[in-house]
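# Coordinate inspection notes
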Amino acid sequence: MTSTTKPLANNAELNSNQPMNIKIDNDAKKAKTVVIIRKIVVYLVLILLTILCVFPFYILIVNCTRSNFEIQQGFSFTFGNFFTYNWNTLFDDTNIPMTRALLNSLFISLCTATLSVYFSSLTAYAFHQYNFKGRNILFTFVLLIMMVPTTISSLGLLTLCAQYDLLDTYYPLILPAIASPITVFYMRQYLDSVMPKELVEAARVDGSGELSIFHRIVMPILKPAMAVQFIFCFVGSWNNYFFPALIIQSTNMKTIPLIIAGLQASDPTTFDLGKVYMLMTIAIIPLLLMYLLLSKFIIKGVTLGSVKG
Amino acid sequence: MDKRMKINTRKKKMSYAKWGYILLIPFFVVFIIFQFIPLMQTFNYSFYEYYSIGLTEIGPNFVGISNYIKIFQGSILKYAGNTIILWILCIIPQMSISLLLAVWFTDVRLHLRATGFFKTIIYMPNLVMAAAFGMLFQMLFASNGPIVDLLIGWGWIKESFNIGQSVWGTRAVIALMNFLMWFGNTTILLMAGVMGIDNTVYEAATIDGSGPFKTFFHITMPLLMPIFIYVLITSLIGGVQLFDVAQLFTAGSGAVNGSSKTLMMYLYKLIGTSRNYGEAGAVSVVLFVVTAFLSFMVFAFTHRNENKLSKKQKRLIKEYRLKEDTQDD
């Protein structure tokens, strides 16, 4: 509270050479109550938004601990005892290759994030360090393609994959990550702000090759940015639905989003709702927990890359 | 000695610039194979009659612009309208709430506590799998789902309802999901913008007795405009691509008479279900033109400040750049 009144006190001080001290006192009091009222309103709105954000996930977690029968009986705020039961029925269901889907999603996301982060760093470093002809034009080009969504070329990519027998494989899902303009842009912003070019010159004098300079000097410097981008790429790939839905056909190759979408094709009245809620919990909650652990780091990363400095 | 060193460095200079190109190879090769060629292929298909009925494939036969005529005589305008409606329903609360939060979080006089906690919470839905989120809301809003249950329990409504059968109900819920997923992100971006405003301006305003409303409309808003518009247009580009949430919430049907069917859902159906590659190509091209136009706006906008500079400033910058260029390899 003391710190909120500070600017007001300064304000009063500034005006104190005026004769009407009492009036100023009244004004300060009035201003103080206004701030308190504003504070109450602000906190109310914030709490309301927090509830709005958390409530769906709360229902999700509650319902994954309740049996199908309990869920159909109606909603309750208390947890049930069917967590392990739902877990087992989900993983034992032969129609839903849950373990396989989890591993598939994990594999694709890890590969995508690794490739994207490594090659984007490399590309960003090339733009940052070397002064070659056409550098600005090429970088402008990267900025331009950053805005055009990849979904637009998905028809062409799909037919291309069909031509080269790449349908129902992970190559078209993983390899395009090597060219991720957004990550390149982010990495370059980071490099431009933290890396002095003299560092590389010093390493050259010591006789290091260009690639080994990148691996041994630039990459350690880029670590914080790489970590942030790794998380974003991982999450993006984990959640990706549009293109995998077109490419993947066989059940064993499916990722989590495809499994979830696949449930809708079956008759909803035959659903074991506990199982469905459990599936969605597994799709959503682990990532959220990871996020909550790293949130400070991630939120800082959002502004770093998105707003041009 | 001196001369020799000079020659030596010049030699190295040339060889170093070469490394710039070498390191760019992976990016551009992959870009050409996985994005550029497919994009050209997509453009190409839009001029061909090319579809499958069952196992028989028809085409590709060149038909000129008849695919475009077909989609415009069909429902593309309706789906474009739906997409815009869903975007507007979402963007109005999203921008207003985010602006409010950004101003509140950065207001020194309010001195809010636990802003870190609130920021963490409001950004959280952004990371959720959109497909799972759509499915979750479908179940939450089902006619025997938790929301209906709670509303009946609290006595707010008398009997169960199915929101999927209401045109505006479905649109509202889709907009709500999108709002939840994106308002945290927007808040954080706008906050960075507000914090970038020179603090002395606010101090001066406070001393002059400017209240929060006046300060907001006369100082914050005008100075925030560039970032505000940047966020608005990028969100429109995202809005054009609205897919996962709407697809899963309406189980691919797009609700009553396809009233919540978006452009991307239309494209998905053309490629995946109907396998009508000709028309899908035409829809993709239309989407490309729209997003390219919007991207160009963003680009022009972010570079506008540069163009506003006076001739002298431009010259100085150019000289500075040249100096910088000669300094590095």
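### Regarding the overall build of chain A
- Assigned secondary structure in chain A consists of 14 helices and 0 strands.
- The long-range share in chain A, meaning contacts at least 24 apart out of those at least 6 apart in sequence, stands at 75%.

### Considerations on the overall build of chain B
- Per the secondary structure count, chain B includes 13 helices and 2 strands.
- Considering chain B as a whole, with its 329 residues, one finds that 39% of them fall into the buried category.
- Put simply, 71% of the contacts in chain B that link residues at least 6 apart link residues at least 24 apart.

### Examining the nonpolar core
- In this structure, A:I260, A:M280, B:A132 and B:F133 are the most contacted members of the largest nonpolar core, which totals 156 residues.
- By residue number, the principal contributor to this core is helix 14 (residues 273-306) of chain A, which donates 14 residues.
- Among residues more than four places away in sequence, those in contact with B:F133 are B:V128, B:M177, B:M181 and B:V245.

### Let's talk about helix 6 (residues 135-147) of chain A
Residue and element names in this part refer to chain A.
- Here helix 6 is 13 residues long and its end C-alpha atoms lie 19 Å apart, about the 18 Å a rise of 1.5 Å per residue gives.
- By the burial criterion, the buried members of helix 6 are F139, V142 and L143. The arc enclosing the buried residues of helix 6, seen along the axis, measures out at 95 degrees, which places them on a common side. Exposed positions of helix 6 whose direction lies more than 90 degrees from the buried face are I137 and T140.

### Describing the environment of B:V29
Residue and element names in this part refer to chain B.
- As for its placement among the helices and strands, V29 is situated in helix 1 (residues 2-45).
- Its 12 C-beta neighbours within 10 Å are what place V29 among the exposed residues.
- Along the chain, V29 and M265 lie 236 residues apart, while their C-alpha atoms are 30 Å from each other.

### Quick notes on the domain arrangement of chain A
- Domains assigned within chain A are domain 1 (2-63) and domain 2 (94-265).
- A separation of 44 Å is found between the C-alpha centroids of domain 1 of chain A and domain 2 of chain A.

### Details of the packing of helix 6 of chain A against helix 9 (residues 181-194) of chain A
Residue and element names in this part refer to chain A.
- Running from amino to carboxyl end, helix 6 crosses helix 9 at an angle of 130 degrees, the nearest separation of the two axes being 8 Å. With respect to each other, helix 6 and helix 9 are oriented oblique. The chirality of how helix 6 crosses helix 9 is left-handed. Residues V142, L143, I145 and M146 of helix 6 lie in contact with helix 9, whose contacting residues are P181, I182, V184 and F185.
- Here the residues of the contact of helix 6 with helix 9 sort into 8 nonpolar, no polar and no charged.

### Describing the environment of B:L127
- Inspection of the secondary structure assignment puts B:L127 in the loop between helix 4 (115-123) and helix 5 (130-140).
- For B:L127, the contacting residues outside a window of four places in its chain are A:V235, A:L287, A:L288 and A:Y291.

### Observations regarding the pairing of strand 1 (residues 48-53) of chain B
Residue and element names in this part refer to chain B.
- Bridge count for strand 1 against strand 2 (residues 56-62) is 5 bridges, and the pairing is antiparallel. Bridge pairing in strand 2 places Y48 opposite F62.
- Remark: 2 residues form the turn of the hairpin made by strand 1 and strand 2, two consecutive strands paired antiparallel; G54 in that turn has positive phi of roughly 60 degrees.

### Overview of the interface of chain B and chain A
- Taken together, the contact between chain B and chain A spans 82 residues of the former and 79 residues of the latter.
- Per element, the largest residue contribution to the side of chain B that touches chain A is 20 residues, and it comes from helix 1 of chain B.
- Per-class residue counts for the side of chain B that touches chain A are 57 nonpolar, 18 polar and 7 charged.

### Details of unusual backbone geometry
- A positive phi angle, near 65 degrees, is found at A:D168, a position not held by glycine.
- Of note, A:D168 is situated in the loop between helix 7 (154-163) and helix 8 (171-174).
- Residue A:D168 is classed as partly exposed on the basis of its 13 C-beta neighbours within 10 Å.
- Positioned with a positive phi, B:R275 is a non-glycine residue whose angle comes to about 50 degrees.
- Inspection of the secondary structure assignment puts B:R275 in the loop between helix 11 (263-273) and helix 12 (277-308).

### Points about the confidence of the model for chain B
All names here are of chain B.
- Here chain B shows a mean pLDDT of 83. Residues at 70 or above account for 87%.
- Across chain B, element-level confidence peaks in helix 3 (residues 76-106) with a mean pLDDT of 93 and bottoms out in helix 13 (residues 311-327) with 51.
- Here residues 323-329 scores under 50 on pLDDT; set against residues more than four positions off or in separate chains, the count is 8 contacts.
- Both scores are available for the predicted complex, with the pTM at 0.84 and the ipTM at 0.83.

### Looking at the packing of helix 5 of chain B against helix 7 (residues 167-195) of chain B
Residues and elements named next belong to chain B.
- Contact geometry for helix 5 and helix 7: axes closest at 11 Å, N-to-C directions at 135 degrees. Taken together, the axes of helix 5 and helix 7 lie oblique to each other. Seen along the crossing, helix 5 lies across helix 7 with a hand that is right-handed. Contacts between helix 5 and helix 7 pair A130, F133, G134 and F137 from the former with V173, M177 and M181 from the latter.
- Across the contact of helix 5 with helix 7, the residue classes tally to 6 nonpolar, 1 polar and no charged.

### What to know about the environment of B:I229
- Within the fold, B:I229 resides in helix 9 (residues 212-240).
- Here the alpha-carbon distance between B:I229 and B:I219, two residues 10 residues apart in the chain, equals 16 Å.

### Looking at the confidence of the model for chain A
- Taken residue by residue, chain A gives an average pLDDT of 85. The fraction at 70 or more is 89%.
- Every residue in residues 1-16 of chain A scores below 50 in pLDDT, and together they form 18 contacts with partners more than four places removed in sequence or on other chains.

The rules behind these values
Residues numbered from 1 in each chain as written. Chains lettered and ligands numbered in written order. Predicted model: local features only at pLDDT ≥ 70, side-chain atom pairs only at ≥ 80, totals over all residues. Helix = DSSP H or I, 4+ residues; strand = E, 2+ residues; numbered from the N terminus. Contact = placed C-beta atoms within 7 Å. Buried ≥ 20, exposed ≤ 12 C-beta atoms within 10 Å, placed from the backbone. Core = buried A, V, L, I, M, F, W, Y, C linked by C-beta atoms within 7 Å. Expected span 1.5 Å × (residues − 1). Arc of directions from axis to C-beta. Domains from an automatic or database assignment. Axes fitted to C-alpha atoms, helices over the stretch in contact; angles between N-to-C directions. Parallel < 35°, antiparallel > 145°, perpendicular 65-115°, else oblique. Left-handed = near helix turned anticlockwise from the far one by under 90°. Nonpolar A, V, L, I, M, F, W, Y, C, P; charged D, E, K, R; others polar. Pairing = 2+ DSSP bridges. pLDDT = per-residue confidence, 0-100.

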